[in-house]
Amino acid sequence: MAGGQQFIAWQTNLLPMSYMKVSLDDLDPQEIDDVEPTLRAVGYELRPSQMRPSVWEFAPGESNNRHRQGEQEELYIVLDGRLEMEVEGETFTVTADDYIVVPPESWRQMTAEEASQVLIIGAPNVQDDAIDEEETTDPTEEST
């Protein structure tokens, strides 16, 4: 296709699209069950085919679930704030303008030290790819 345009099948008029745009201010914050940070579903609005972007907003002290991905490599871009990030047992501080890439198999978790906003881009675009640490615990094991 000329000029890098693509046809978006879910559009009713099937006109070529060269880009999609959305403002974060236009996206309603979404509360997700069993997850502390708030989600702004950028990817849901833009519908990219190759990646899965989301903006997560953390209040001070909030953490996302410790998890890894089944297939997605994730790029974390700290837009605002200060967080503690743990990847495979290594803990470090991330602040605005920090970029972190985490492979799918690595366990990771973020905890906000102050109000924070993080853009996370996962690729490939796989829905519900996260595997929470709690889901991998063997239910037959007894706690001591």
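> Please explain the nonpolar core as it appears in this structure.
Across soluble globular proteins, nonpolar side chains have a tendency to be buried as a group. Tyr76, Leu83, Met85 and Met110 are the most contacted members of the largest nonpolar core, which has 17 residues in total. When residues of this core are traced back to their parent elements, those giving at least two are strand E4 (52-58), strand E6 (73-80), strand E7 (82-87), strand E9 (99-102), strand E10 (108-112) and strand E11 (116-123). Ignoring anything within four residues of it in the chain, the contact list for Met110 reads Phe58, Glu62, Ser63, Asn64, Tyr76, Leu83, Glu84, Met85, Val94 and Val118. One finds Leu27, Val42, Val55 and Ile77 within the second-largest nonpolar core, a separate group that totals 5 residues.

> Explain the confidence of the model for the protein here, please?
Chain-level statistics for the protein give a pLDDT mean of 86 and a share of 82% at 70 or above. The model gives residues 1-12 a pLDDT under 50, and that stretch makes 18 contacts with residues more than four places away or in other chains.

> Just to check I follow, could you spell out the pairing of E4 for this structure?
As a general feature of sheets, a regular strand has side chains that alternate between the two faces. The buried fraction of E4 is high, at 6 of 7 residues. Where strand E3 (residues 38-40) and E4 come together, 3 bridges link them in antiparallel fashion. Across the sheet, the residue bridging to Arg40 is Val55, located in E4. Taken together, the 7 bridges between E4 and E11 define a ladder with antiparallel strand orientation. Counted as the bridge partner of Glu57 is Gln117 from E11.

Definitions and cut-offs
For every chain, the first residue of the written sequence is number 1, and numbering continues from 1 onward in sequence order. Selection of residues for local features in this predicted model requires a pLDDT of at least 70, selection of side-chain atom pairs for listing and counting requires 80 or more, and totals for whole chains, interfaces and linings are taken over all residues. Heavy atoms from the whole structure form the basis of all side-chain values; hydrogens and water molecules are not counted. Residues belong to a common nonpolar core when they are buried Ala, Val, Leu, Ile, Met, Phe, Trp, Tyr or Cys residues joined through side-chain atoms within 4.5 Å. Each residue's exposure class comes from its accessible area (1.4 Å probe, protein chains only) as a fraction of the maximum for that residue type: buried when under 20%, exposed when over 50%, partly exposed otherwise. Strands are runs of DSSP state E lasting at least two residues, helices are runs of H or I lasting at least four, and both sets are numbered from the N terminus onward. Should any heavy atoms of two residues lie within 4.5 Å, those residues are counted as being in contact. What pLDDT conveys is the predictor's confidence in a given residue, as a value from 0 to 100. A pair of strands is treated as paired once DSSP finds two or more bridges between them.

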